[in-house]
Amino acid sequence: MPLETLFISDCHGEQSCIPRLEKLAEARQPRLAVFTGDLTTRGDTRFPQEMFSLLERRGCRIFAVGGNLDPKPLHEWLEQAGYSIHARRVAFKGFTIAGLGGSLKTPFGTCVEYSEGQFAGMLEGLLDEKTIFATHNPPFNTVADRVTSGAHVGSHAIREAIERHHPRACLCGHIHEAQGSEKLGSTLLVKLPPFKDGGAVAMDLKTLEFKFLTT
């Protein structure tokens, strides 16, 4: 039986995400939803609580990482409430999912930022060939990290970990204007569109078949 999973990123606290998510959950009936950060823009837990409750009422399991614009208390709430997969591997129905939240340092002094060295430390022992990897910050020099100027701003540490450990798939957010998918060696890389603009991805974790969704 397929394990349909919704991957959602960059909601940024937009209230329009709530009816979009309700419509998406009704249409797709996902068994799992993975949120890859920036649930809010310097917001509190009320918005993600509303989204998560909507899905949980339908029997959907939720994993998440916080983004660089999610304040530290929100990251802590994800941890305490049992949603967080930041720097952690979790098992779900025979699959292994790992996550990484926050972002590299930005010019804007956002809420949760890390150095490449910190990312490298968090990635130690996190990935293997069976892992589905959900990260807010994209890997360097890919379709997922190109900004409007054409520059690549992703993480070298994340790319090096993918190239060394070959996870089955990597799904990421953060750079809104970046889009598409590609292969990094044997790893399927999918850049998630911002959900605040109506985009998401549905993936069958068994086959890795995926579809870009518009809500």
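Here, the structure is the one placed above.
These lines cover the structure that appears in this document, whether it is placed above or below. In every chain, residue numbers begin from 1 and rise along the written sequence. Local features are withheld for residues below a pLDDT of 70 in this predicted model, meaning they are given only at 70 or higher, and side-chain atom pairs are given and counted only at 80 or more; totals for whole chains, interfaces and linings count all residues. Values shown for side chains rest on all heavy atoms present in the structure; no hydrogens or waters enter the calculation.

1. Section: the sheet that holds strand β12 (residues 199–204)
Piece 1. By definition, two strands form a pair when at least two bridges between them are found by DSSP. The helix and strand labels rest on DSSP assignments: H or I over at least four residues marks a helix, E over at least two residues marks a strand, and numbering proceeds from the N terminus. Taken together, the five strands give an open sheet; going across it, the order is β3-β2-β1-β12-β13, and neighbouring strands pair in mixed fashion. At either end of the open sheet lies a strand with only one pairing partner, and these are β3 (61–65) and β13 (210–214). Recorded for the sheet is a direction-independent mean angle of 20° between the axes of neighbouring strands.
Piece 2. The sheet contact formed by strand β1 (residues 4–8) and strand β2 (residues 32–36) spans four bridges and is parallel. From the neighbouring strand, threonine 5 faces β2, where its bridge partner is leucine 32. Geometry is summarised by axes, namely lines fitted to C-alpha atoms with helices restricted to the contacting stretch, and by angles between N-to-C directions that run from 0 to 180 degrees.

2. Topic: the pattern of salt bridges
Piece 1. Salt bridge criterion: a side-chain nitrogen from Lys or Arg within 4 Å of a carboxyl oxygen from Asp or Glu. For the coordinates displayed, the defined rule picks out six salt bridges.
Piece 2. The partner of aspartate 128 in a salt bridge is arginine 89, with the nearest N and O atoms 3.0 Å apart. Placement of aspartate 128 in the loop between α4 (116–123) and β8 (131–135) and of arginine 89 in strand β4 (residues 88–92) is noted, with a sequence separation of 39 residues between them.
Piece 3. Using a 1.4 Å probe on the protein chains alone, a residue whose accessible area is under 20% of its type maximum counts as buried, one over 50% counts as exposed, and one in between counts as partly exposed. Aspartate 128 gets classed as partly exposed once you look at its relative accessible area, which sits at 27%.
Piece 4. Between lysine 196 and aspartate 197 there is a salt bridge whose closest N-O contact spans 3.2 Å.

3. Describing the environment of leucine 32
Piece 1. Within the secondary structure layout, leucine 32 lies in strand β2.
Piece 2. Judged by relative accessible area, leucine 32 falls into the buried class, the value being 0%.

4. Details of the pairing of strand β9 (residues 169–172)
Piece 1. In β9, alternate side chains face the same way, and those of Ala169 and Leu171 on one face and Cys170 and Cys172 on the other are all buried.
Piece 2. Alignment of β8 against β9, held across four bridges, turns out to be parallel. Along β9, the bridge assignment pairs threonine 135 with cysteine 172.

5. With respect to the sheet that holds β9
Piece 1. One open sheet holds the six strands; their spatial order is β4-β5-β8-β9-β11-β10, and the pairing between them is mixed. Bordering the open sheet on either side are β4 and β10 (180–184), each of which pairs with just one other strand. Each neighbouring strand pair of the sheet contributes to a mean axis angle of 20°, computed without reference to strand direction.
Piece 2. One ladder, built from five bridges, connects β10 with strand β11 (residues 187–191); its direction is antiparallel. Bridging across to β11, glycine 180 finds its partner in lysine 191.
Piece 3. Pairs of residues are marked as contacts when any of their non-hydrogen atoms sit within 4.5 Å. Against the sheet, helix α5 (residues 156–165) contacts β5 (95–100), β8, β9, β10 and β11, and its axis sits at roughly 175° relative to β8.

6. Considering the packing of helix α1 (residues 17–28) against helix α2 (residues 46–56)
Piece 1. Running from amino to carboxyl end, α1 crosses α2 at an angle of 15°, the nearest separation of the two axes being 10 Å. The pairing of α1 with α2 is recorded here as roughly parallel in orientation. Crossing handedness for the pair α1 and α2: right-handed. Each of Cys17, Ile18, Leu21, Glu22 and Ala25 in α1 lies in contact with α2, whose residues at this interface are Phe47, Glu50, Met51, Leu54 and Leu55. When describing relative orientation, an angle under 35 degrees is termed roughly parallel and one over 145 degrees roughly antiparallel, while 65 to 115 degrees is termed roughly perpendicular and anything else oblique. Left-handed describes a crossing whose near helix is turned anticlockwise from the far helix through less than a right angle; right-handed describes the clockwise counterpart.

7. Description of unusual backbone geometry
Piece 1. Its identity is not glycine, yet aspartate 10 carries a phi of approximately 55°, on the positive side.
Piece 2. Tracing the backbone shows aspartate 10 in the loop between β1 and α1.
Piece 3. By relative accessible area, which is 0% here, aspartate 10 ends up buried.
Piece 4. Notably, asparagine 141 is not glycine yet its phi reads approximately 60°, a positive angle.
Piece 5. Position of asparagine 141 relative to the elements: it lies in the loop between β8 and α5.

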